[in-house]
Amino acid sequence: MIGLLLSGGMDSVSIAWWKRPEVAITVDYGQRPAQAEITASAAACEAMGIRHEVVRADCSALGSGDMAGTAPAAVAPVPEWWPFRNQLILTLAGMAAVRIGVTHLMVGALVTDGAHADGRPEFVDAISRLMSLQEGGITVSAPAIEMDAAELVRASGIPREVLAWAHSCHVGNLACGSCRGCVKHYRTWEALGLDPY
């Protein structure tokens, strides 16, 4: 069974439309916009007929930066950086994936996520090797890792009305309009020649 780690943002929603996994897993790990991410993911899954699972594990005390509502750690490359975030959420999603029979888990990493060590191809390869060695033998891939957001949206063919469900804000359940997630969201719509509002 193929699954997708679905954050509810433009990238993972576009991959859901493009690759049509059997199940999507959204992780609430204590990030500030968790409820909006779950709502966006659920709406997108309903529109596509994809089973949706939610995993909750409050790790907010371990967070850093915009997504945690704290000052970024001294080693943070960008304001929304959370230590070992992708490793954490892939582990939590993998635990749920094993339970429901998923053997391959996709993630929404893009070429622009290279600003984070855990958004690079070598991280995806390493975490896939690690998870495949354990019970359940789950492998991990990032089908859009060589694309930017606009290229992914175009390649996926996702309709505007489904993409509109995406929530990209890093700081809250309502779009702030100024964090890096909101700016990327707006610029992606703009690059597509579409009015995001």
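Residues numbered from 1 in each chain as written. Predicted model: local features only at pLDDT ≥ 70, side-chain atom pairs only at ≥ 80, totals over all residues. Heavy atoms only, no water.

**Quick notes on the layout of surface pockets**
Applicable threshold: A pocket here means an open set of points on a 1 Å grid, computed over the protein atoms alone, that has protein on both sides within 12 Å along at least five of seven lines. A cavity is instead a set of points where a 1.4 Å probe fits but cannot get out; residues with an atom within 4 Å of a point line either one. Grid points are joined across faces, edges and corners, and a volume is the space filled by probe spheres set on the points. Strands are runs of DSSP state E lasting at least two residues, helices are runs of H or I lasting at least four, and both sets are numbered from the N terminus onward. Put simply, Ala, Val, Leu, Ile, Met, Phe, Trp, Tyr, Cys and Pro go in the nonpolar bin, Asp, Glu, Lys and Arg in the charged bin, and everything else, Gly too, in the polar bin.
What the largest pocket holds in volume is close to 1100 Å³. Around the largest pocket, the lining is made up of 47 residues, and of these Asp11, Arg85, Asp113, His170 and Lys184 lie nearest the centre. Going through the elements one at a time, helix 1 (10–19), strand 2 (23–28), helix 3 (85–100), helix 4 (121–132), helix 5 (149–156) and helix 7 (180–191) are the ones with two or more residues in the lining of the largest pocket. Examining the composition of the lining of the largest pocket, we find that eight residues originate from one element, helix 7, more than from any other. For the lining of the largest pocket, the residue count by class is 21 nonpolar, 16 polar and ten charged.

**Some remarks on the nonpolar core**
Rules: Among buried residues, those of type Ala, Val, Leu, Ile, Met, Phe, Trp, Tyr and Cys that are joined through side-chain atoms within 4.5 Å constitute a nonpolar core. For each residue, the accessible area found with a 1.4 Å probe, counting protein chains only, is set against the maximum for its type, and the residue is called buried under 20%, exposed over 50%, and partly exposed in between. Note on definitions: a residue-residue contact is assigned when non-hydrogen atoms from the two residues lie within 4.5 Å.
Counting residues in hydrophobic clusters, the biggest one holds 28 residues, and the most contacted among them are Leu5, Ile25, Val27, Tyr29, Leu90, Val107 and Val140. Broken down by secondary-structure element, the contributors of at least two residues to this core are strand 2, helix 3 and helix 4. Broken down by element, the residue count for this core peaks at seven residues, all from helix 3. Ignoring sequence-local partners within four residues, the contact set of Ile25 consists of Leu4, Leu5, Leu6, Glu53, Val55, Ala93, Ala96, Ala97 and Leu105. Residues Leu6, Met10, Met106 and Ala144 belong to the second largest nonpolar core, which totals 25 residues.

**Structural notes on the packing of aromatic side chains**
Rules: A pair of aromatic rings is counted whenever rings of Phe, Tyr or Trp (Trp by its six-membered ring) have centres within 6.5 Å, and the orientation is called stacked for planes under 30 degrees apart, edge-to-face for over 60 and tilted otherwise. Distance and angle both matter: a charge sits over a ring if NZ of Lys or CZ of Arg is within 6 Å of the ring centre and within 35 degrees of the ring normal.
Taken as a whole and assessed by the stated rule, the structure comprises one aromatic pair. A ring pair is formed by Tyr29 and Trp82, whose centres lie 5.0 Å apart and whose planes are at 85°; its orientation type is edge-to-face. Residue Tyr29 is found in the loop between strand 2 and helix 2 (34–48), and its partner Trp82 is found in the loop between strand 3 (51–56) and helix 3; the two are separated by 53 residues along the sequence. Just above the ring of Trp18 sits the side chain of Lys19; from NZ or CZ to the centre is 4.1 Å. A cation over a ring is seen here: Arg20 above Trp17, with NZ or CZ 4.0 Å from the ring centre.

**So, the pattern of salt bridges**
Side chains that differ in charge, positive against negative, can pair when their charged atoms come close. Quick reminder of the rule: Here, a salt bridge means any side-chain nitrogen of Lys or Arg that lies within 4 Å of a carboxyl oxygen of Asp or Glu.
In this structure the tally under the stated criterion is five salt bridges. Arg99 is the partner of Glu53 in a salt bridge, and the nearest nitrogen-oxygen pair spans 3.8 Å. Here Glu53 is found in strand 3, whereas its partner Arg99 is found in helix 3, with 46 residues between them in sequence. Here Arg180 ties to Glu80 by a salt bridge, and the two come within 2.8 Å at their closest N and O atoms.

**Some thoughts on the pairing of strand 1 (residues 2–5)**
Sheet faces and side chains relate simply in a regular strand, where the side chains alternate between the two faces. Counted only if it meets this: Criterion used throughout: strands pair if DSSP finds at least two bridges between them. Call a crossover right-handed when, viewed with both strands pointing away from you, the route from the first strand across the helix to the second goes clockwise.
Summarising the sheet, strand 1 and strand 4 (residues 104–106) pair through three bridges and their orientation is parallel. Residue pairing across strands places Ile2 opposite His104, the latter belonging to strand 4. With three bridges connecting them, strand 1 and strand 2 associate as parallel partners. Its bridge partner being in strand 2, Leu4 is matched across the sheet by Ala24. Viewed along the sheet, the connection from strand 1 through helix 1 into strand 2 turns out right-handed.

Honestly, that's just the spatial picture; any functional story needs more than this.
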